[in-house]
Structures are given as C-alpha cells and as structure tokens.
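# Fold and geometry: a report
If you want the building blocks of each chain, they are given just below.
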Amino acid sequence: MRAVVQSRYGGPEVLEVREIDPPVVAKDEVLVRVHAASIHPDVWHVLRGRPYVMRVMAPRRPRHPVPGIDLAGVVEAVGPEVTRFEPGDAVFGETVRGFQWANGGAFAELATAPEDALVHKPERLSFVEAAAVPTSGLIALQSVRDQGRVRAGHEVLVNGAAGGVGMFAVQLAKAFGATVTAVDVAGKLDRLPAIGADRVIDAGQEDFTLGHYDVIVDIPGNRRYAEIRRALAPDGTYVLIAHDAYGTQGRRWLGSFPSVLPLLARSLFDRRLPKPDFAAPQKRAAMETLADFAEAGRLTPVIDRTFPLDEVADAIRHLESGRVQGKVVIALT
Ligand SMILES: NC(=O)c1ccc[n+]([C@@H]2O[C@H](COP(=O)([O-])OP(=O)(O)OC[C@H]3O[C@@H](n4cnc5c(N)ncnc54)[C@H](OP(=O)(O)O)[C@@H]3O)[C@@H](O)[C@H]2O)c1
C-alpha cells in the first residue's frame, strides 16, 4: 500500500510517500481503507519531535513510521474479537487508544484502529468532513461539556475560536444552549458567525478580558490567569488547552507544560479551575456524541483545505503557516 513514512524527527521534508506492507490487524482491531485523514497539532509534535521532552519515549525517531491519527474510511477487515463493525461499514475515529504523542498510521491507504476508537460515520458528513472531527472534536467536547460544564443560558467565550479545536468548541457550546463569543486574530474571523458565534472579537482590536463570562475555553493561553479571572463570574470556569503555535514561540524543551502545570496545582484550591482528570478517555462514547450532533446538523466541520496523500508535506507546511481556519484534511479518494 502507499503510505507516508517518517524515518527521523524533522520538518515536513523528512516525509516520503512509499510502498510498504499493509498493517496486520490485531484481534480487537479494525482494518480501514482510508478515504480521508486529518492533521492536528499532535501530528506536528511527533513529526518535529517537539517539545524535546517527548523524545524520552523514542529518542531517534517515532516508534511507528507512518504519521496520522484521525481518519474516515470503509472497513476492509475485522479482528476476531470485533463485534460492532463488518467489512463495508463507513467509519471514522482515531487509530490510537489514549491521548498520546504517537504516529498512528492514518496517512496511508490502509490503517488499523482499535474497535473502541471508531464509530459509524454519520451519513450527513462526507469522508473528508468526518475525518476532521475525531481528536479536535474530542478535545472540544471534553473542554466544553466535561470541564466547562456549559449549559443553557451560559455566556461562553472561546479564545482561538477559528482553529481546529475552537471551531468545534463554538458549535458545541451553542448546541448546549450557550451564548458564544468567539475570539481570534484578524483574517480568521469571517467563518465564525456561520458556525453560530453570537459575537466575534478581533484579538488585536478588543480586550476580551474586559467582558464577563461563565465559561472561558482558552486555546492559545496568551493571557495571564489574573486577567482571565476578572472576566469570569464568581462561579465561572476557566478551561485552558494551551497551544504551542507550531514552534513559533520557542519553548523547544517543555512546550506548553510550564503554562499548564501552575494552573493544575492551583486547581486543587481554586474552584474556577477544573480538577485534573487522569482517567483513560472514553473515546467511543464521546465519538458517538459527536456523531449524533453531526447527524442532527448541530456540528459541521469547517474544512480549510484538502491535500492529496502525495502532498502531506505541503499540508504540514500549510498548518505551520498559521493561516488555517478549521481543519486541514488529506483526501485519498
Ligand atoms: N486539534 C487537535 O486535534 C489537537 C490535538 C492534540 C492537541 N491539541 C491541543 O490543542 C491546541 C490547539 O489546537 P488547534 O488545532 O485548535 O490549533 P490551531 O488550529 O492552530 O488553533 C489555534 C488558534 O488560536 C489562534 N490564536 C493564536 N494567538 C491568538 C491570540 N492572541 N488571540 C486569539 N487567538 C489566537 C490561532 O491563530 P494563529 O494561527 O493565527 O496564531 C489559531 O486560530 C494544540 O496546540 C494542542 O496543544 C489539539
């Protein structure tokens, strides 16, 4: 099969498209003919091997040579313990079990995925749209529903709303009945009203911390917590995702850990910060929720651009450019 192969850490130039053997299906896995696979920051982290601290797990190159985690496609074969899928089913999901920095093999004609990380593809979504959902949608759902506990009547602010996670966070907050203010940088604001943002703020023109919100979902994490707090209701919640901005801010060794760790410690006594949750992610249940929202027309992935498999390197360069609105997807068919 044709696949994108990464033989060492580095920039997009280390990626090659080659013929390799198809993956072997384990007993609880599904073999998927990939129709589309999306790119997200974790793909970038594993490609570059940054922050360097992650290389303790694999010092010279990633353990698995084929990048990509999120996919949509058609089931080709199933392992003997798989009960929910059969050949011919249209599916979407992730190729890895936990939330981990690892190459997952999705940038290939065939990929394996654990049964529990896949669900049936909603008919309303194309393969390209479905491939855009998994990791970004799961992070957005976890941030808005589980950590932010967003409900009807809440005033919610999403900072970094035009990115991969942000576009889903805005739509999910709307689906849970909130009024949503979306913040991003100039040039990335035009698609936000169409996905449901009630108000759009240009971060360069207006200081969102002068507003008042029940929940703030913050993707770039570019403001001090003292400033964020003044914009939060007394019983409000601040959910920080933190973003490495594809290496443009330095932080080569530890990435965003130094900005996240103090807040994790503070969450032990500050009730506006969600307590850390180290439980294994329930991907199947969360993916089913996302599929239901998509089928009901309440979640529509925003696709910035698609690239063919041969141009994955250009797709990564495009992601690194910072000009992306929504998701970048590799389309194989
Ligand atoms: N998406 C995923 O599936 C995924 C997977 C694993 C982890 N994550 C985590 O989530 C983070 C965000 O992922 P993402 O896919 O949403 O990234 P993204 O698509 O690059 O989105 C980040 C957004 O924040 C914007 N932004 C930057 N500075 C800002 C500012 N000062 N004010 C307002 N907005 C600003 C960015 O604009 P510019 O690009 O113009 O700076 C961009 O639109 C990642 O760094 C990572 O830690 C995401």
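Everything in this summary refers to the structure shown in the same document. (Residues numbered from 1 in each chain as written. Predicted model: local features only at pLDDT ≥ 70, side-chain atom pairs only at ≥ 80, totals over all residues. Heavy atoms only, no water.)

### Observations regarding the layout of surface pockets
By volume, the second largest pocket is sized at about 240 Å³. In terms of lining residues, the second largest pocket is bounded by 19 residues, among which His-64, Asn-103, Gly-104, Gly-105 and Thr-112 are the most central. Tallying contributions element by element places strand β6 (residues 110–114) first for the lining of the second largest pocket, with 4 residues. Within the lining of the second largest pocket, the residues separate by chemical class into 9 nonpolar, 7 polar and 3 charged. (1 Å grid on protein atoms, 1.4 Å probe; cavity = no way out; pocket = protein on both sides within 12 Å on 5 of 7 lines; lining within 4 Å. Points joined across faces, edges and corners; volume = space filled by probe spheres on them. Helix = DSSP H or I, 4+ residues; strand = E, 2+ residues; numbered from the N terminus. Nonpolar A, V, L, I, M, F, W, Y, C, P; charged D, E, K, R; others polar.)

### Observations regarding the site of the ligand
Lining the immediate surroundings of the ligand are 24 residues, of which Gly-164, Val-165, Asn-222, Ala-242 and His-243 lie closest. Interatomic distance of 2.9 Å between a side-chain N/O atom of Lys-188 and an oxygen atom of the ligand. Ala-242 has a polar backbone atom sitting 2.8 Å from an oxygen atom of the ligand. Taking 870 Å² as the accessible area of the ligand by itself, protein coverage stands at 85%. Taken together, the elements giving at least two residues each to the shell around the ligand come down to α1 (41–48), α3 (134–147) and α4 (164–175). The element that contributes the greatest number of residues to the shell around the ligand is α3, accounting for 3 residues. (Near = heavy atom within 4 Å. Polar contact = N/O pair within 3.5 Å; in protein donor to acceptor, adjacent residues only side chain to side chain. Areas by Shrake-Rupley, 256 points an atom, 1.4 Å probe, with all protein chains shown as cover.)

Honestly, that's just the spatial picture; any functional story needs more than this.
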